[in-house]
Amino acid sequence: MAFDSSAAPTRLSAAHWRKVLAPYRGAQHSRSLAEIALTVLPLGGFCLAAVLLVANGVWLGLLLAVPAAAFLVRLFMLQHDCGHGSLFVSRSVNDAVGRVLGVLTLTPYGYWQASHANHHGTSGNLDRRELGAIELMTVEEYQARSPLGRFLYRFYRHPLVLFAIGPAYMFFLQHRLPIGMMGDRKAWVSVMGANLGIALFLTAGILVFGAVPFLAVYGVTVFLASATGVWLFYVQHQFEQTTWARQGTWNLHDAALHGSSFYDLPQPLAWLTANIGVHHVHHLHSRIPFYRLGDALRDHPELRECSRLGLRESLRCARLTLWDEAAGRMVGFGDLREPARG
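The model shown is predicted, which means the values in this text are computed figures rather than measured ones.

Reading the values: rules and limits
Per-chain numbering applies: the sequence of each chain, read as written, is numbered from 1 onward. Only residues with pLDDT of at least 70 are given local features in this predicted model, and only at 80 or more are side-chain atom pairs given and counted; all residues enter the totals for whole chains, interfaces and linings. Excluded from the side-chain calculation are hydrogens and water; included are all heavy atoms of the structure. Pairing of aromatic side chains here covers Phe, Tyr and the six-membered ring of Trp, requires ring centres within 6.5 Å, and sorts the geometry by plane angle: under 30 degrees stacked, over 60 edge-to-face, intermediate tilted. Segments assigned H or I by DSSP are reported as helices when at least four residues long, segments assigned E as strands when at least two residues long, and all are numbered from the N terminus. Here the term buried applies to any residue with accessible area under 20% of the maximum for its type, exposed to any over 50%, and partly exposed to those in between, with areas from a 1.4 Å probe on protein chains only. Whether a charge lies above a ring is judged from NZ of Lys or CZ of Arg, which has to be within 6 Å of the ring centre and within 35 degrees of the ring normal. Buried Ala, Val, Leu, Ile, Met, Phe, Trp, Tyr and Cys residues that are joined via side-chain atoms within 4.5 Å together make up what is termed a nonpolar core. Every residue pair with non-hydrogen atoms within 4.5 Å of one another is taken to be in contact. By definition, a salt bridge exists where a carboxyl oxygen of Asp or Glu is found within 4 Å of a side-chain nitrogen of Lys or Arg. Only when DSSP finds a minimum of two bridges between them are two strands counted as paired. Axis lines are fitted to C-alpha atoms, over the contacting stretch for helices. Their N-to-C directions set the angle, which ranges from 0 to 180 degrees. When describing relative orientation, an angle under 35 degrees is termed roughly parallel and one over 145 degrees roughly antiparallel, while 65 to 115 degrees is termed roughly perpendicular and anything else oblique. A crossing counts as left-handed when the near helix is turned anticlockwise from the far one by less than a right angle, and as right-handed when that turn is clockwise. Three residue categories are used. Nonpolar comprises Ala, Val, Leu, Ile, Met, Phe, Trp, Tyr, Cys and Pro, charged comprises Asp, Glu, Lys and Arg, and polar comprises the others, including Gly.

Trainee: Just give me the short version of the packing of aromatic side chains, but keep the residues and values in it.
Mentor: Using the criterion set out here, one finds 15 aromatic pairs in the structure. For the ring pair Tyr 153 and Phe 333, a centre distance of 6.1 Å and an interplane angle of 85° mean the geometry is edge-to-face. With Tyr 153 in helix α8 (residues 147-156) and Phe 333 in the segment after β5 (329-331), this pair connects stretches of sequence that are 180 residues apart. Per residue, the accessibility class of Tyr 153 equals that of Phe 333, and both read buried. Taken together, the ring pairs in this structure connect Phe 201, Phe 209, Phe 214 and Tyr 218 into an aromatic cluster. Positioned above the aromatic ring of Tyr 142 is the side chain of Arg 150, whose terminal nitrogen or guanidinium carbon lies 5.4 Å from the ring centre.

Have a look at this one:
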C-alpha cells in the first residue's frame, strides 16, 4: 500500500519538528564507547572464527561472513554518526574515531563526510542532483534521452547493478580515488590516508592469517555489508511518496522530513542498522546520536506514521526508477506512457 501523504505528521511543518526534536541532540560518551565495543567485538569475533575455519579448509566458515557483515554495517553507521559530529561532543574525537573506522569499512572518512554533507544539503532538490546521491532522472528527462541514453540509465537502475555490482565497485574501487572531488587537496589527503591505513590493515591480516583465508573472509564481508548499506540508502529516499522539487520551491527541512522515509524494521534489524531507518528524524537533526532516534519515536509516536515503510513494502521500491514531476511521485519504467507524437 502506498503511503498516504495526508497523514498527520506530514501536515505539521518541518520547522515545528525541528524545534520539537532539538532536545534529543547531544552525545553521551559512555554510551557511544559502549556502542563501539558492542559492534567491534562481535565483528572481530565472527571474522576471526571465519578466517580460522577457512584457513583449515572449512569453507563453510564463510557463512560467518553474514553476521560479520551485519556488524560491519553497524560499524559504518557509527562512522556515519562521527561524520555528523553526533557520536561524541568533540569534533576532533569524532574525526579521529571516524578515520579509524573508515579503514575497516574501506571508506575514506573525510572524503565521504564531504560528499555525504552534500547529500544532506541538496536532498530532494531536482536542480542539484550531485555527489553523494543515487542518480535519478525525471520522466521527461528519460523520455528526451536517446535510445542509448535510456539503455544506459535502465542498466544503471537494474537491481543487480544498484545492489550488487555498484556497491562492490564503490567500496573496493571508487573509494580509492576522490571521484567527484579530484581538484580538492583535502579529499586527496583523506583518500590516500585511508588507502595507506587499509594497506597496512590488509598486510597485517595477510601476514597473520594468510592471503586466501583473510582476503576471502573480509572480501565477502565487505561485499555483503556494502550491498546492504546501499539498499538502506536507497529505500530511505527512493520511495513512491518521497519529495523532489525545483530550486524555487525546494526547502531544506521540508525535503528532510517528507523526502526521507521511516524504514520500520524489526528491533534486531533496527539495532544492527543503528536506527538509520529513522531517517526522516535523522535528516531533520543530523546531530541526534543514533541511540536517541528511538527515544524521539517513542516520545512522539505520530512520527511513526510519517513516510513509513515496512520490510514488505520496501521491496516494492526496487521497481521505482523515475520521478514524475506532474504526478509528484516515483514511478517505474513500466508506468511510462509513450510521449504523444504529432
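Trainee: Account for the nonpolar core, with residues named and values stated.
Mentor: In terms of nonpolar packing, the biggest core is built from 59 residues, with Leu 87, Tyr 234 and Leu 322 touching the most fellow members. The greatest single-element share of this core, amounting to 10 residues, is contributed by helix α4 (residues 65-83). If we skip the residues at most four places from it in the chain, Leu 87 touches Ala 27, Ser 32, Ile 36, Leu 78, Asp 81, Cys 82, Asn 94, Phe 290 and Tyr 291. Core analysis: the second largest hydrophobic core is formed by 16 residues, Tyr 24, Val 281, Ile 288 and Leu 297 among them.

Trainee: Can you tell me about unusual backbone geometry, naming the residues and giving the values?
Mentor: Despite not being glycine, Ala 274 has its phi angle at roughly 50°, a positive value. Tracing the sequence through the fold places Ala 274 in the loop between α13 (267-272) and α14 (279-284). The class of Ala 274 is buried, set by a relative accessible area of 3%.

Trainee: Summarise the pattern of salt bridges; cite the residues concerned and give the values.
Mentor: One pass over the full model with this rule turns up 15 salt bridges. With a shortest N-O distance of 2.7 Å, Arg 129 and Glu 141 are connected by a salt bridge. Residue Arg 129 is located in the loop between α6 (109-122) and β1 (137-138), and its partner Glu 141 is located in helix α7 (residues 139-144); the two are separated by 12 residues in the primary sequence. The class for Arg 129 is partly exposed, based on a relative accessible area of 30%. Its relative accessible area of 28% is what places Glu 141 among the partly exposed residues. Across the pair Asp 299 and Arg 298 runs a salt bridge whose closest N-O atoms are separated by 3.0 Å. Arg 298 gets classed as exposed once you look at its relative accessible area, which sits at 60%. One salt-bridge network, in which partners are shared between bridges, spans Asp 264, Arg 304, Arg 308 and Glu 313.

Trainee: Mind laying out the sheet that holds β1, listing which residues take part and the relevant values?
Mentor: Sheet architecture is open: 3 strands sit in the order β1-β4-β5, paired in mixed fashion. Since the sheet does not close on itself, it has two edges, and those belong to β1 and β5, each with one partner. Sheet topology note: the strand β4 (residues 322-324)/β5 ladder contains 3 bridges and is antiparallel. By the bridge assignment, Leu 322 is partnered in β5 with Val 331.

Trainee: Talk me through the packing of α4 against helix α11 (residues 211-235); I want residue IDs and the actual numbers.
Mentor: Packing of α4 against α11 brings their axes to within 8 Å, and their N-to-C directions diverge by 55°. When the axis of α4 is compared with that of α11, the two are oblique. With respect to the hand of their crossing, α4 and α11 are arranged in right-handed fashion. Contact residues: α4 offers Ala 65, Val 66, Ala 68, Ala 69, Leu 72, Val 73 and Met 77, while α11 offers Val 217, Tyr 218, Val 220, Thr 221, Val 222, Leu 224, Ala 225, Thr 228 and Leu 232. Class assignment for the residues of the contact of α4 with α11 results in 14 nonpolar, 2 polar and no charged.

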